[in-house]
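Chain residues, written in single-letter form:
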2 protein chains.
Amino acid sequence: MADLFATHKPVLDQALAAIAGRGYWAAYPEMPSGKIYGETAKADAEAAFQALLNKPFALDQPGSGGFGGRERSPYGLELGITYPKASVPRLLEAARKAAPGWAEATPEARVGVCLEILHRLNRQSFLIAQAVMHTSGQAFVMAFQAGGPHAQDRGLEAVAYAYDEMKRVPVRARWEKPAGKGEPLRLDKEFRIVPRGIAVVIGCSTFPTWNSYPGLFASLATGNPVIVKPHPGAILPLALTVKIGREVLKEAGFDPNVLLLAADLADGETQALVTDPLVAIIDFTGGPAFGRWLEENARQAQLFTEKAGINPVVIDSTDDFEGMCANIAFSLSLYSGQMCTAPQNIFVPRSGIATDQGHKTFEEVGAGIARAIDRLLGDPDRAAAVLGAIQSDATWERVQKEAAAGEVVHPATPVAIPGFPQARAVTPLVRKVAAAAEETYAEEKFGPISFLIATGDTAESIRRAAAGASAKGAITAAIYTTDPDVLVAAEKAFAEAGVALSENLTGGVFVNQSAAFSDYHVSGANPAGNACLTDAAFVANRFRVAMVRRPAKAA
Amino acid sequence: MADLFATHKPVLDQALAAIAGRGYWAAYPEMPSGKIYGETAKADAEAAFQALLNKPFALDQPGSGGFGGRERSPYGLELGITYPKASVPRLLEAARKAAPGWAEATPEARVGVCLEILHRLNRQSFLIAQAVMHTSGQAFVMAFQAGGPHAQDRGLEAVAYAYDEMKRVPVRARWEKPAGKGEPLRLDKEFRIVPRGIAVVIGCSTFPTWNSYPGLFASLATGNPVIVKPHPGAILPLALTVKIGREVLKEAGFDPNVLLLAADLADGETQALVTDPLVAIIDFTGGPAFGRWLEENARQAQLFTEKAGINPVVIDSTDDFEGMCANIAFSLSLYSGQMCTAPQNIFVPRSGIATDQGHKTFEEVGAGIARAIDRLLGDPDRAAAVLGAIQSDATWERVQKEAAAGEVVHPATPVAIPGFPQARAVTPLVRKVAAAAEETYAEEKFGPISFLIATGDTAESIRRAAAGASAKGAITAAIYTTDPDVLVAAEKAFAEAGVALSENLTGGVFVNQSAAFSDYHVSGANPAGNACLTDAAFVANRFRVAMVRRPAKAA
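Only a predicted model underlies this, so the values are computations on that prediction, with no experimental measurement involved.

Considering the relation of the copies chain A and chain B
Point 1. Superposition record for chain A on chain B: RMSD 0.0 Å, screw rotation 180°, translation along axis 0.0 Å. Put plainly, the chains are arranged around a two-fold axis. Proximity to the rotation axis, assessed at the C-alpha, singles out Ala537(A) in chain A; its C-alpha lies 3.1 Å from the axis.
Point 2. Counting the interface residues of chain A, we find that 100% of their copies in chain B are interface residues as well, pointing to one common contact surface.

Next up, the structure:
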């Protein structure tokens, strides 16, 4: 096999420059274009996806012998794919046996394998897109971008940080201490990267690849075998990932059990897996309840979490009322609010705001956002492309319940998705509440549900938004204001609350978007998650350094 | 006040180069020499130390109003110094109020303050030496070196890593994403370092400064206020440190309550302090019992621990039997084995070993080490300079108990310390046990206590030594062998166990020595501690990044 590290070094070097500068950069093209991915790529992927349906998924790894799994596309399709039913003891044993060979490989060898896996994942972006679409419910273009190249960029970012951290540890050093007039004391030292142990990555149902790749590749690059535990509703994207990864590992001469899939676990088996003493690292994306369970119980492991966020928008004033309303409308609508970065709580002074169209009352602000939603989603094809489908029954039921619970600024109106009569989609529900009604808006209500909250003034809006972030977690915040002093106050408050703040977005960038190599996704400084995807802290503790020193011969 | 960062930038630059290369470097001269520190420095410090005795320590910080503390020198002296009795709520409140100003300072401003504190600590090294000597029981030269310049170097190392990590986060970035034929999307982004919160540093009685400075300066440099909680038996070295730190903070225009001393806490007050929700970081050096309590209870904080280690020596063969015995004898004797890096368990094949003096039986190896101990400690002045004094009653009683418990290779013979008739010192106790007698040697027996353990062969020695490290923790290991295959096996086994290995030390370097900027002290990969002093992981998670982004004007 060719030297994978040398092959991919140019992209690694660019990634290293990108994480240092945090400007715009992407390794993998986000356009689902035949010119880039091959003119037949889309059709080939559709055929490949169809060929996967209604049969066992070919993944040659140690298992229980059985097959299981029952994914249903939010677009209505029963996938009918089964996966090797995992046996936790066998997976752990296989990972344990695979570990030494992977640990002893050089950082370059491991990074080369990781980059080749990412490269091959990229070539399969159309197939991954089908898999992500029919598990998460994302519309096709989003499934392609977020599930394919954007996720791959996030994985590459993690590999770059991991490589950077490993390279900060020199391989060897000569220690030569002057000793007065005598011969110096001389030691030769060697520093060895020691991985932590077995890593488990727990995927979610909405962004099965985007949220899993950082932890997966960070652990892999630093020498830890990885067991991927997908959400039962979104196995296929990670099964494809593991399959491709195992192929590369094998071709590169490593035990493919460095990367394993833990699908179709029975009740209690996930708990047994993550609390096993062999498991040293866990990357978790999912709900706060299991997140807390992990914090309480998986104490033997380094735990990296992304849980829930209740993301606020503070509206103080604007010099582009239409642009603001359109931008917020898109943020509320995109993938039906099923993004960890989507806004939920929109704080507006009950006395209204100053705008380029003159003073707008609280009601008029709500009406402006509602009108913008209708404008955005008026065209059925565009509505389908923006909203996607509701991923889970729980989200669907939550919307119904909230829709009936109070005064509505914009209703949750069912939307037909062309070509998928069984898909469930609705326009985003926006409810109106008083700031005092915290019991209504102070918890995350995942899905296309948001609240227009009437406050005494912007100071109260910022205070409540930041306090909510500190107490319950937030990943993003947005503010609209023409007042520099308000900006300063908001920047200070949200920085202290550890929330990424977007200011006066009125054009083609949205608060829910988080770009690899530039946006630090999740701060790790509030309950929305304890880690950032990706920074140095996300990778530096996935390995340790073991030292050897011995007397050196005289120079 | 002058620009502290500019003043100290040359030393910072050298430190940054040193942590990248991990060769020999030191910022602060280790020789207690009048030529370096001033001809009157030693006498001045002795006078200053005498002037501190038997009165309240002047530290102007919020407290309960009372004074307390009762330190007794292991050399026999009642210090009679009292310290402002801490009130946990008042300390936390003072730190909370001091936090914003410190958080908002630039990394350069904070690092400048840290480097000035270290510079002033260095100038007070003779006084710190007195304080360390008369609390830890270290002999004067060791107290000077380990308590003064070596500790300062460790602090500087932490500052260098902290600065390096903070500088990896750019202050701002222009994000410019191509948009087909249209105008690119442009955002201006700002990245703000957000400290975690209040940090607590818990000191130990044997190396009150050396073990505390890394956490103290890492937290301080990254923007967190620090509350220093000294061991009740070793308050003075950290009280002096806090006093100097507060002076620098005040002169630099910061609230001096960024650095506070928590002395003379009543029962339960330390527990209340470390579990307070405001406390976000804890650095702990001390026994495994309180370490485990912290792990179980101080769950709101990032916890960095250095607990106990049971450090092994594996003797397989040697081409310098006398050098080996002398080297081991010194390691067992230095500061009476009261170092976290001192060896405890010496594994030797019961069939003996090959040496440059021919075959040596197991008994002869023990006799060689015993003879080397007697040779080293035969001169009373040298014995005093090497052994220091036993720090605590518990260690003294442990030695007495172990001395009576079985067959002895070298006895614990009382040693008189010239000038200090009340000081307790003994020659190191070496007992002989079979490998099967794990109940005797598999726990840490802190102090001048070690075991010569008879194994079946070197493979068993390595296996037992590495397994002990994995199970109970070890910071250092040593091996003596002339066989390259044995070296390879030992390097692999101890790397997997996360132990720093020293090979064939026969000269003037000893397994217990750990040099700043070169030796990674503690791996964090076994129960001896969860962190390394110092690497990137030690600092990278003491702060988070908060982002602001806004549409940019066209370039």
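Structure shown, so let's carry the discussion forward.
Focus on the nonpolar core
Point 1. Ranked by internal contacts, the top residues of the largest apolar core, which has 288 residues, are Leu261(A), Ile315(A), Leu261(B) and Ile315(B).
Point 2. If near-sequence neighbours (up to four positions away) are discounted, Leu261(B) is found in contact with Leu59(B), Gln61(B), Tyr83(B), Ala86(B), Leu91(B), Val228(B), Pro230(B), Ile235(B), Leu238(B), Ala239(B) and Val242(B).

Notes on the interface of chain A and chain B
Point 1. Contacts between the two partners involve 66 residues from chain A and, on the opposite side, 66 residues from chain B.
Point 2. Around 5,600 Å² of area is buried between chain A and chain B when both sides are counted, 50% of it from carbon and sulfur atoms.
Point 3. Considering only the side of chain A, the residues that lose the most area to chain B are Tyr24(A), Arg168(A) and Arg549(A), jointly responsible for 13% of the buried surface there.
Point 4. Between Glu165(A) and Arg168(B) there is a salt bridge; the shortest N-O distance is 2.2 Å.
Point 5. On inspection of chain A and its partner chain B, the count reaches 39 residue pairs in polar contact (both at pLDDT 80 or more).

Things to note about unusual backbone geometry
Point 1. With an omega of 0°, the peptide bond running from Leu533(A) to Thr534(A) counts as cis.
Point 2. For Thr534(A), the position within the fold is in the loop between β18 (500-503) and α20 (536-540).

Examining the domain arrangement of chain A
Residue and element names in this part refer to chain A.
Point 1. Assigned domains within chain A: domain 1 (30-307 + 532-546) and domain 2 (311-503).
Point 2. Once you take the C-alpha centre of each, domain 1 and domain 2 turn out to be 33 Å apart.
Point 3. Counting residues at the interface gives 17 residues for domain 1, matched by 18 residues for domain 2.
Point 4. Carbon and sulfur atoms supply 63% of the area that domain 1 and domain 2 bury against each other, a total of about 1,300 Å² over both sides.
Point 5. Area buried by domain 1 at its contact with domain 2 is led by Pro 74, Tyr 75 and Met 142, which between them contribute 36% of it.
Point 6. Joining domain 1 to domain 2, the criterion identifies zero salt bridges.
Point 7. Taken together, the links from domain 1 to domain 2 amount to four residue pairs in polar contact (both at pLDDT 80 or more).

Things to note about the sheet that holds strand β9 (residues 302-306) of chain B
Residue and element names in this part refer to chain B.
Point 1. Spatially, β7-β6-β5-β8-β9 is the arrangement adopted by the five strands of the open sheet, whose pairing is parallel. Sheet topology places β7 (259-261) and β9 at the edges, where each strand pairs with a single neighbour. Taken pair by pair, the neighbouring strands of this sheet meet at an average axis angle of 15°, ignoring direction.
Point 2. Bridge count between strand β5 (residues 198-202) and strand β8 (residues 279-285): five bridges; the pairing is parallel. From the neighbouring strand, Ile 198 faces β8, where its bridge partner is Val 279.

The rules we used
Residues numbered from 1 in each chain as written. Chains lettered and ligands numbered in written order. Predicted model: local features only at pLDDT ≥ 70, side-chain atom pairs only at ≥ 80, totals over all residues. Heavy atoms only, no water. Least-squares fit on C-alpha atoms with pLDDT ≥ 70 in both. Contact = heavy atoms within 4.5 Å. Core = buried A, V, L, I, M, F, W, Y, C linked by side-chain atoms within 4.5 Å. Buried < 20%, exposed > 50% of the residue type's maximum accessible area, 1.4 Å probe, protein only. Buried area = accessible area lost by both parts, 1.4 Å probe. Salt bridge = Lys/Arg side-chain N within 4 Å of Asp/Glu carboxyl O. Polar contact = N/O pair within 3.5 Å; in protein donor to acceptor, adjacent residues only side chain to side chain. Helix = DSSP H or I, 4+ residues; strand = E, 2+ residues; numbered from the N terminus. Domains from an automatic or database assignment. Pairing = 2+ DSSP bridges. Axes fitted to C-alpha atoms, helices over the stretch in contact; angles between N-to-C directions.

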